[in-house]
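# Examining the three-dimensional arrangement
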Amino acid sequence: MGLSSEEVALVRDGCLGGKALSYSPYSKFRVSCCILVSEGGRYTSVVGANVENASYGGTICAERVTITKAMTTAGTRDPTKWIALGIMGDTDECISPCGLCRQVIREFISPKMSPDIPILMFNGDGTNHIQSTMEELLPNSFGPECL
Ligand code: THU
């Protein structure tokens with residue numbers, strides 16, 4: 001079943017608000033991410049943003065910050081309750097997750113962990129998005145069910 005327009009709007013709004021959480025003094029490239037969780041007819045948005053580091057290499061992307069936040073918060077750490085993951089930057093074009101983040105997202109969007117939830121990649125003001133599946137973003141991938 002696809003997402004409703006209300007659900008897409010919740011993901012978009014989470015991403016729009018999440019950009020203010022970005023700590024990106026080096027690149028000045030803000031990225032936010034929102035995982036929409038649905039349980040018992042109630043929605044929870046887990047929102048995060050990129051956190052950069054003076055070493056540069058220690059930088060953590062928005063997607064990994066948000067997944068880590070969801071997985072370490074009591075009410076949101078069950079990926080079977082996740083229904084969408086959104087990403088947004090300040091770009092005119094829709095943003096696309098980096099390779100490392102694709103692998104980390106893949107851990108939790110897998111036959112063993114969760115439903116095949118949509119990944120929404122927004123442009124900077126949230127007026128446009130591309131919807132993808134994990135298989136499209138990382139085909140023939142390695143995941144928990146491979147072990
Ligand atoms: N960034 C993300 O947060 N997610 C991505 O998928 C791509 C890149 C961040 C990392 C860094 O803080 C900035 O964007 C520039 O690469």
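Residues numbered from 1 in each chain as written. Predicted model: local features only at pLDDT ≥ 70, side-chain atom pairs only at ≥ 80, totals over all residues. Heavy atoms only, no water.

### Some thoughts on the nonpolar core
Counting residues in hydrophobic clusters, the biggest one holds 22 residues, and the most contacted among them are Ile35, Ile67, Trp82, Leu85 and Ile119. Put simply, the parts of the chain that give this core at least two residues each are β1 (32–39), α2 (62–71), β3 (82–88), α3 (99–108), β4 (119–122) and α4 (134–137). Dropping the residues within four chain positions of it, Trp82 is found in contact with Ile35, Leu36, Val37, Ile67, Ala70, Met71, Thr76, Phe108, Pro115 and Ile117. Among the nonpolar cores identified, the runner-up in size contains ten residues, and Cys34, Leu36, Leu120 and Phe122 belong to it. (Core = buried A, V, L, I, M, F, W, Y, C linked by side-chain atoms within 4.5 Å. Buried < 20%, exposed > 50% of the residue type's maximum accessible area, 1.4 Å probe, protein only. Helix = DSSP H or I, 4+ residues; strand = E, 2+ residues; numbered from the N terminus. Contact = heavy atoms within 4.5 Å.)

### Digging into the environment of Pro97
Topologically, Pro97 is positioned in the loop between β3 and α3. In this structure Pro97 comes out as buried when scored by relative accessible area, which is 4%. C-alpha separation for the pair Pro97 and Met121, spaced 24 residues apart in sequence, amounts to 8.2 Å.

### Observations regarding the side chain of Ser32
Here Ser32 lies in strand β1. A polar contact of 2.6 Å, which involves the side chain of Ser32, links it to the backbone oxygen of Cys15. (Polar contact = N/O pair within 3.5 Å; in protein donor to acceptor, adjacent residues only side chain to side chain.)

### Some remarks on the pattern of salt bridges
Under the counting rule described, the total for this entry stands at five salt bridges. Of the charged contacts in the structure, one is a salt bridge between Arg12 and Asp13, with a shortest N-O distance of 3.1 Å. Arg12 sits in the partly exposed class, given a relative accessible area of 28%. For the salt bridge of Glu145 with Arg106, the shortest nitrogen-to-oxygen distance reads 2.5 Å. Taken together, the residues span a long stretch of sequence, with Glu145 in the segment after α4 and Arg106 in helix α3 at a distance of 39 residues. According to the relative accessible area criterion, Arg106 is buried, its value standing at 6%. Each of the salt bridges in this network shares a partner with another, and the network as a whole consists of Lys19, Arg30 and Asp90. (Salt bridge = Lys/Arg side-chain N within 4 Å of Asp/Glu carboxyl O.)

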